[in-house]
Amino acid sequence: MGAEGIGAAVRRKEDFRFLTGRGNYTDDINRPGQTHAFILRSQVAHAEIAKVDTAKAAMAPGVVAIFTGTDFAADGKGGLPCGWLVKNKDGSNMQEPPHPVLAQGKVRHVGDPIAVVIAETREQAKDAAELIEVDLKELPAVATMAEAVKPGAPKIHEGGNVCYDWHLGDKDACEAAFKGAHKVAKIDLVNNRLVPNAMEPRAAIGDFDRATGEYTLYTTSQNPHVIRLLMGAFVLQIPESRLRVVAPDVGGGFGSKIYHYAEEAIVTWASAKVGRPIKWTCERSESFMSDAHGRDHVSHAEMAMDKDGRFLALRVKTDANMGAYLSTFAPAIPTYLYATLLAGVYTTPVVYAEVRALFTNTLPVDAYRGAGRPEATFLLERLVDVCAAEMGMDRLEIRKRNFIPANAFPYQTPVALQYDSGDYQATLATALKNSDWAGFEARRAAAKKRGKLRGIGISTYIEACGIAPSAVVGSLGARAGLYECANIRVHPTGSVTVFTGCHSHGQGHETTYAQLVADRLGIPLEQIEVSHGDTNKIPFGMGTYGSRSLAVGGTAIVKALDKIVDKAKKIAAHLLEAAPADIELKDGKFVVAGTDKAKAFGEISLAAYVPHNYPIDTVEPGLEETAFYDPKNFTFPGGCHICEVEIDPDTGVTKVVKFTAVDDVGRVINPMIVEGQVHGGLAQGIGQALLETCVYDDKGQLRSGSYMDYTMPRADDLPSFDVATQITLCTHNPLGVKGVGEVGAIGSPPAVINAVVDALKEWGVRHIDMPATPQKIWGIINSGRQAAAE
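Read on for an overview of the structure. (Residues numbered from 1 in each chain as written. Predicted model: local features only at pLDDT ≥ 70, side-chain atom pairs only at ≥ 80, totals over all residues. Heavy atoms only, no water.)

Here's the deal with the overall build of the chain
Applied cut-off: In DSSP terms, a helix is any run of H or I states spanning at least four residues, a strand is any run of E spanning at least two, and both are numbered starting from the N terminus. Under the scheme applied here, a residue whose accessible area is under 20% of the maximum for its type counts as buried, over 50% as exposed, and between as partly exposed, the area being computed with a 1.4 Å probe on protein chains only. Working rule for contacts: check all heavy atoms of both residues, and any pair within 4.5 Å makes them a contact. For the area figures, the Shrake-Rupley method with a 1.4 Å probe applies, and any residue is considered shielded solely by the protein chains shown. Only four residue types enter the charge count, namely Lys and Arg as positive and Asp and Glu as negative; His and the chain termini do not. A charge is said to be at NZ when it belongs to Lys, at CZ for Arg, at CG for Asp and at CD for Glu.
Within the chain one finds 20 helices and 28 strands. When each of the 790 residues of the chain is scored for burial, the buried share is 61%. Considering only contacts within the chain whose residues lie at least 6 apart along the sequence, 80% involve residues at least 24 apart. For the chain, the exposed area adds up to about 29100 Å²; of that, 52% sits on carbon and sulfur atoms. A distance of 2 Å separates the average location of the 81 positive side-chain charges in the chain from that of its 93 negative side-chain charges.

Next comes the structure, spelled out in structure tokens:
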């Protein structure tokens, strides 16, 4: 470990250009002859399209062209594909209805694209869109999952409102375990729908080159190669070699920029029709009704226990909202990224889960930071607290009693996954110490004297990152591989460019990946550049999501570096007149072991490109290598989060006054970046627990469609976080890393709600759904006061 290598808290290389306004985002790009697009969207949730008359709009100033779903279909283009197939309990395929790029025949949610206006300026396109005459025959809307399954409910698609009815686990074994239970704890809960709200709204520029027949799409994407694959093969139906996708700097994603969106296909296709580049930039209010939402589960869970409080079996029933259409990876979120995590950190021998995915007249739902893992953790950690109450046990004791022992790894869960490493007892012990759990009751008493209700909550969680391996996920319905690619190019003077298939949109890849190279090759960070986001530069890649960037992308880089070093040693051996096996790489020099004979890294790289004295018979000139890495297993970060809240009983306002997070993310490459990632996740998790929720009314109208009605967490809603790591190494990647990007958003929501419930226990509260708003809490307290008065 050097001053700039693995383990060093190096400041992020990329921050200077961001902080000085030199970032290059999609909306910063302007192409010669560029036009602008505005998308006319449905203002109703469910309707038949009787007529779309664009004649008046076409005559408006500056209008270049107008297209509708009829035009797109007439050109023989396809709809937006789904990237994951889930099967029903009976083995049949899920219902997979068409997802038109522009609505055809019907609109199915508020925000469904009806037409695109292309004009010389965005303002002209927007003005012209108001002249389009749209005749919609409104139909009854299905705004909730409860409405979707009612007998006689309006059908959103011809096949009905059920996408799939899936299960995991041994139902018979589960039922048998429940029959022998001493006690059963039960809970009904909601995992509230969220709007991602990345700092940068989405944008896309389509540019068609008539001379070559090639398309270029500039877009705000987390995985440009996946967009190229889906759009080229399924939507535009052109060879991938004719489609370039560029994702420049991206201002946050949190999962919402993984998917292939209609706007990307619209501007790319239409650019060929008008013969000019087309830019579309989303407005913030538009993003509320066009960016895929997250979460939205309704669940019932039961835990069977023996007389000592040991878990015997868990059964879960969940309804998961898909929205009006299937987003790119939506079917996988409440199945293979949710139910497979329901064992948590516990030795529960039997787990059975049933998941029913439903269509509603709402925006599609897909992955949002954590993607299934926060939903599983919230359910399980809330249920464990209920188990403790049911048994009359301490919350800590029931967890300790059911933890997977530290010497039990690798540990096979009853829900498919095999954990490779962890030490949940040590993580808990560190968190209890750091949070001063033992001193809480004194703090509660002090708060009571000030007229406040103080509570403490705990969450001990695990998650799965770096979804893998490709062969396994393929058998489970994935329609893409989940490997990663890295290309290392050493230049003649010894500087290095890393080309990665992962994409950075806030994670700090340009620093962390450079640290891997610096650590391995012994060269300064200033000599290392990281390139990502352009399908013409990178061989291939699956992008960034699921905390995979280091565990998968970083390992691909390490494997490519191994090839670089192996080749460089052969060159050095020739120059130093030694055997390759005797060459060692130390501090940026290739040294003959046991001697002072050495060549600097730059001397070797120069020899590779100027091969005057070179082993040309056995080694090719040049110094550039590519590696693909397909993981053998998921990685499994885990941790313990402890939250303290104070509630004002007169207003219901909850303040998080103390938050402790101890996370096992494997080997830490850059402690500062790790801490920053945890901070961001905690802010989002606390936001979900106390503030954020996406609301539709009974007609499918989005009632929380702006920051006036959707409450984002602000700095004054958050305490100073106490963050630490408790490390066990991943056993199946050479770096020993597990992943950190999502842990904060996974462990924090149940810790917060458990603290709120603890604060309200004198009012008989056993559960409160997220978000625990002042209105909800004041209502509980006020009802309790009225009951006491009576």
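Focus on the environment of Leu379
Structurally, the position occupied by Leu379 is in helix α10 (residues 373–391). Spatially, the C-alpha atoms of Leu379 and Tyr164 are 21 Å apart, while their sequence positions differ by 215 residues. Leu379 has contacts with Leu189, Ser299, Ala301, Val316, Tyr338 and Leu342, leaving out every residue within four places of it along the chain.

Remarks on the nonpolar core
Threshold: By convention a nonpolar core is built from buried Ala, Val, Leu, Ile, Met, Phe, Trp, Tyr and Cys residues, the set being connected through side-chain atoms within 4.5 Å.
Counting 126 residues, the largest nonpolar core has Tyr164, Met322, Leu342, Tyr419, Phe659 and Val756 as the members making the most contacts within it. Residue contributions to this core peak at ten residues, all from α10. With near-sequence residues (within four places) excluded, Phe659 lies in contact with His641, Ile642, Cys643, Leu682, Ile686, Pro719, Ser720, Phe721, Asp722, Ser748, Ala751 and Val752. The next biggest cluster of nonpolar side chains, apart from the first, holds 49 residues, and it includes Ala560, Ile604, Tyr629 and Val737.

Some details on the sheet that holds strand β5 (residues 113–119)
For clarity, the cut-off: Pairing between two strands requires that DSSP report at least two bridges joining them. Where helices are involved, their axes are fitted lines through C-alpha atoms of the stretch in contact, as for all axes, and angles between N-to-C directions lie from 0 to 180°.
Sheet architecture is open: seven strands sit in the order β3-β5-β1-β12-β9-β10-β11, paired in mixed fashion. Edge positions in the sheet fall to β3 (63–68) and β11 (243–246), since each of these pairs with one other strand and no more. Averaged over all neighbouring strand pairs, the angle between strand axes comes to 20°, with direction disregarded. Inspection of the sheet shows strand β9 (residues 203–209) paired to strand β12 (residues 278–281) by four bridges, in the antiparallel sense. Across the sheet, the residue bridging to Ala204 is Trp280, located in β12.

Some details on the pairing of strand β21 (residues 528–532)
Along any regular strand, the residues point their side chains to alternate faces of the sheet. What counts is decided by this rule: Crossovers are described as right-handed under a simple rule: with the strands pointing away from the observer, the path leading from the first strand over the helix to the second runs clockwise.
Counting buried residues along β21, four of its five residues qualify, which places the element largely inside the surrounding structure. Across five bridges, the pairing between strand β20 (residues 496–500) and β21 is parallel. When the bridges of β21 are listed, Thr500 appears paired with His532. In this view, the connection linking β20 to its parallel neighbour β21 by way of helix α15 (residues 509–521) has right-handed handedness.

Points about the sheet that holds strand β26 (residues 638–647)
Taking strand neighbours across the sheet as the criterion, the four strands line up as β18-β26-β27-β28 in an open arrangement whose pairing is mixed. Because the sheet does not close on itself, it has two edges, and the strands there are β18 (453–462) and β28 (721–725). Sheet twist, expressed as the average angle between the axes of neighbouring strands with direction ignored, equals 10°. Sheet analysis places β18 next to β26, joined by ten bridges and oriented antiparallel. If you follow Gly455 over to β26, its bridge partner there is Val645. Contacts between helix α13 (residues 440–449) and the sheet are confined to β18, β26 and β27 (654–664), with β18 contributing the most and set at about 145° to the helix.

Focus: empty space enclosed by the protein
The test is simple: Cavities and pockets are found on a 1 Å grid laid over the protein atoms alone: a cavity is a set of points where a 1.4 Å probe fits but cannot escape, a pocket is an open set with protein on both sides within 12 Å along at least five of seven lines, and a lining residue has an atom within 4 Å of such a point. Grid points are joined across faces, edges and corners, and a volume is the space filled by probe spheres set on the points. Under this grouping Gly is polar, as are all residues other than the nonpolar Ala, Val, Leu, Ile, Met, Phe, Trp, Tyr, Cys and Pro and the charged Asp, Glu, Lys and Arg. An automatic or database domain assignment provides the domain bounds reported here.
Summed over all chains, the structure comprises six cavities of 30 Å³ or more. Size it by volume and the largest cavity reaches roughly 230 Å³. Looking at the lining of the largest cavity residue by residue, the class counts come to twelve nonpolar, seven polar and four charged. Counting the residues that make up the lining of the largest cavity, at least three belong to each of domain 1 (31–141 + 199–252 + 257–287) and domain 2 (297–405 + 414–467 + 633–789). Considered as a void within the structure, the second largest cavity measures approximately 60 Å³ in volume.

Quick word on the environment of Leu718
Tracing the backbone shows Leu718 in the loop between α18 (671–690) and β28. Each C-alpha atom, one on Leu718 and one on Val656, is 6.3 Å from the other, the two residues being 62 residues apart in sequence. Beyond its immediate sequence surroundings of up to four residues, Leu718 is in contact with Ala683 and Ile686.

Some words on the pattern of salt bridges
Using the following cut-off: Salt bridge, as used here, is a side-chain nitrogen of Lys or Arg placed within 4 Å of a carboxyl oxygen of Asp or Glu.
Overall, the coordinates contain 54 salt bridges when judged by the stated rule. Notably, a salt bridge pairs Asp534 with Arg244, separated by 2.5 Å at the nearest N-O pair. Taken together, the residues Asp534 in the loop between β21 and α16 (549–576) and Arg244 in strand β11 connect sequence positions 290 residues apart. Given the relative accessible area of 26%, Arg244 is considered partly exposed. Residues Glu441 and Arg444 are paired through a salt bridge, measuring 3.1 Å at the closest nitrogen-oxygen approach. With Glu441 and Arg444 both in helix α13 and three residues apart, the pair spans about one turn of that helix. By relative accessible area, which is 48% here, Glu441 ends up partly exposed. Taking the relative accessible area as the measure of exposure, Arg444 reaches 16% and is therefore buried.

Observations concerning the packing of α10 against helix α11 (residues 395–402)
Applied cut-off: When describing relative orientation, an angle under 35 degrees is termed roughly parallel and one over 145 degrees roughly antiparallel, while 65 to 115 degrees is termed roughly perpendicular and anything else oblique. Each crossing is labelled by how the near helix is turned from the far one, with a counterclockwise turn of less than a right angle marking it left-handed and a clockwise turn marking it right-handed.
Remark: α10 packs on α11, axes separated minimally by 9 Å, with the N-to-C direction vectors making an angle of 110°. Overall, the two elements α10 and α11 adopt an arrangement that is roughly perpendicular. With respect to the hand of their crossing, α10 and α11 are arranged in right-handed fashion. Seen from α10, the contacting residues are Glu381, Val384, Asp385, Cys387 and Ala388; seen from α11, they are Arg395, Ile398 and Arg399. Each residue belonging to the contact of α10 with α11 can be placed in one class, and the counts come to four nonpolar, no polar and four charged.

A closer look at unusual backbone geometry
Between Phe409 and Pro410 the backbone carries a cis peptide bond, its omega angle lying at 0°. Counting through the fold element by element, Pro410 comes out in the loop between α11 and β16 (411–412). The amide bond that connects Met770 to the next residue, Pro771, takes the cis arrangement and shows omega of -10°. In this structure, Asn197 takes a positive phi of about 55° despite not being glycine. In this structure, Asn197 sits in the loop between β8 (183–191) and β9. The backbone phi angle of Asp296 is positive, close to 70°, even though this residue is not glycine. One can find Asp296 in the loop between α9 (284–288) and β13 (297–305).

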